[in-house]
Amino acid sequence: MRMARVKPSSLWIVIALVILAIVMVFFVLCNHTVISKGKIEQDARKFHNIDSDWISIQQTTDNISAMIFYPDDMSDHIYSIYLKQPNTFAGYSVRAGGTISEIRQGIVRFYVSECESYIFMSMNAQQICKIVVDDGDHADVTLLEENKPFTIILPSNAGNIFFYDASGNTINFIQRSLPQ
């Protein structure tokens, strides 16, 4: 019995097609868990089953996206945090989310070790109107609407961070860990 002989050029075509198929499967699998920057809010709404009429407060950096969703009457909330996947160009994936009573009642600070950043989230029940970030040489002031929720992302080395209400009282935050 005589064996059919494969031409070397045909072998390279088969190898290239197999590699292309593997890359396509990998891309499809990654696309289901990694989200582009422009689609994070849409993905969070779908992931947490959030009504389209809920308001969204969001801040996104090159590495983190943090959101709070809430209805007009501010009677409820859902938070969502996405992180950029390290060493990829693909995008962000969900890291944490849900409801935390401290976000409703006060300010919660999450430390994101992967990005060496802090995320501050609040439904602003304490009517915070000013944030001061003091690095020892300079104090940056950010004004907030005292009746609106907020989410703020700051590098962990930004300095001392102070929150103030309309009466000038300092408001403390609660430290929470991100689930691993």
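Since this is a predicted model, take the numbers as computed values, not measurements.

A. A look at the overall build of the chain. Tallying secondary structure elements over the chain gives three helices and twelve strands in all. When burial is assessed residue by residue, the chain has 36% of its 180 residues classed as buried. Expressed as a percentage of contacts within the chain between residues at least 6 apart in sequence, the contacts between residues at least 24 apart total 52%. Accessible surface, the chain: about 11600 Å² in total, of which carbon and sulfur atoms supply 54%.

B. Here's a closer look at the packing of aromatic side chains. Inspection of the entire model under this criterion finds seven aromatic pairs. Arranged with centres 5.4 Å apart and planes meeting at 80°, the rings of Phe120 and Phe173 form a pair that is edge-to-face. Of this pair, Phe120 sits in strand β6 (residues 117-122) while Phe173 sits in the loop between β11 (170-171) and β12 (174-177), and the two are 53 residues apart along the sequence. Relative to Phe173, the ring of Phe163 lies with its centre 6.3 Å away and its plane at 75°, an arrangement referred to as edge-to-face. Of this pair, Phe163 sits in strand β10 (residues 160-165) while Phe173 sits in the loop between β11 and β12, placing them ten residues apart in sequence. Of the residues examined, Phe163 reaches a relative accessible area of 1% and is grouped as buried. Classification of Phe173 as partly exposed rests on a relative accessible area of 27%. Here the guanidinium or amino end of Lys130 rests over the ring plane of Tyr164, the centre of that ring lying 5.2 Å away.

C. Broad picture of the pairing of β10. Residues Ile161, Phe163 and Asp165 of β10 are buried on one face, while the alternating residues Asn160, Phe162 and Tyr164, pointing to the opposite face, are not. Pairing between strand β7 (residues 128-134) and β10: six bridges, direction antiparallel. Within β10, the position partnered with Val132 by the bridge is Phe162. With two bridges joining them, β10 and β11 adopt antiparallel strand pairing. Residue pairing in the sheet places Phe163 in a bridge with Ile171 of β11.

D. Representation of a negative patch on the surface within the structure. Side chains of Asp51, Asp53, Asp72, Asp73 and Asp76 sit close together on the surface and give a patch of like negative charge. Note that Asp51 resides in the loop between α2 (40-48) and β1 (55-60). Under the relative-accessibility criterion, Asp51 is labelled partly exposed at 47%.

E. Looking closely at the environment of Lys37. Within the fold, Lys37 resides in the loop between α1 (8-31) and α2. Residues Lys37 and Thr61, 24 residues apart in the sequence, show an inter-C-alpha distance of 9.4 Å. In contact with Lys37, not counting residues within four places along its chain, are Thr60, Thr61, Asp62 and Tyr92.

F. Molecular detail of the side chain of Arg45. Structurally, the position occupied by Arg45 is in helix α2. With relative accessibility at 14%, the residue Arg45 sits in the buried group. Among all residues touching Arg45, those that are not within four sequence positions of it are Ile50, Asp51, Ser52, Trp54, Ile55, Ser56 and Phe69.

G. The pattern of salt bridges, seen in detail. In this structure the tally under the stated criterion is four salt bridges. For the salt bridge of Glu41 with Arg45, the shortest nitrogen-to-oxygen distance reads 3.1 Å. Residue Glu41 and its partner Arg45 are located together in helix α2, separated by four residues, close to a single helical turn. Residue Glu41 is classed as partly exposed on the basis of its relative accessible area, which comes to 28%. Here Glu114 and Arg95 are joined by a salt bridge, their closest N and O atoms 2.5 Å apart.

Cut-offs applied
- Residues numbered from 1 in each chain as written.
- Predicted model: local features only at pLDDT ≥ 70, side-chain atom pairs only at ≥ 80, totals over all residues.
- Heavy atoms only, no water.
- Helix = DSSP H or I, 4+ residues; strand = E, 2+ residues; numbered from the N terminus.
- Buried < 20%, exposed > 50% of the residue type's maximum accessible area, 1.4 Å probe, protein only.
- Contact = heavy atoms within 4.5 Å.
- Areas by Shrake-Rupley, 256 points an atom, 1.4 Å probe, with all protein chains shown as cover.
- Phe/Tyr/Trp six-rings, centres within 6.5 Å; stacked < 30°, edge-to-face > 60°.
- Lys NZ or Arg CZ within 6 Å of the ring centre and 35° of its normal.
- Pairing = 2+ DSSP bridges.
- Patch = residues over 30% accessible without salt bridge, like charges linked within 9 Å, V, L, I, M, F, W, Y side chains within 5 Å.
- Salt bridge = Lys/Arg side-chain N within 4 Å of Asp/Glu carboxyl O.
- Lys, Arg positive; Asp, Glu negative; His and termini not counted.
- Charge placed at Lys NZ, Arg CZ, Asp CG, Glu CD.

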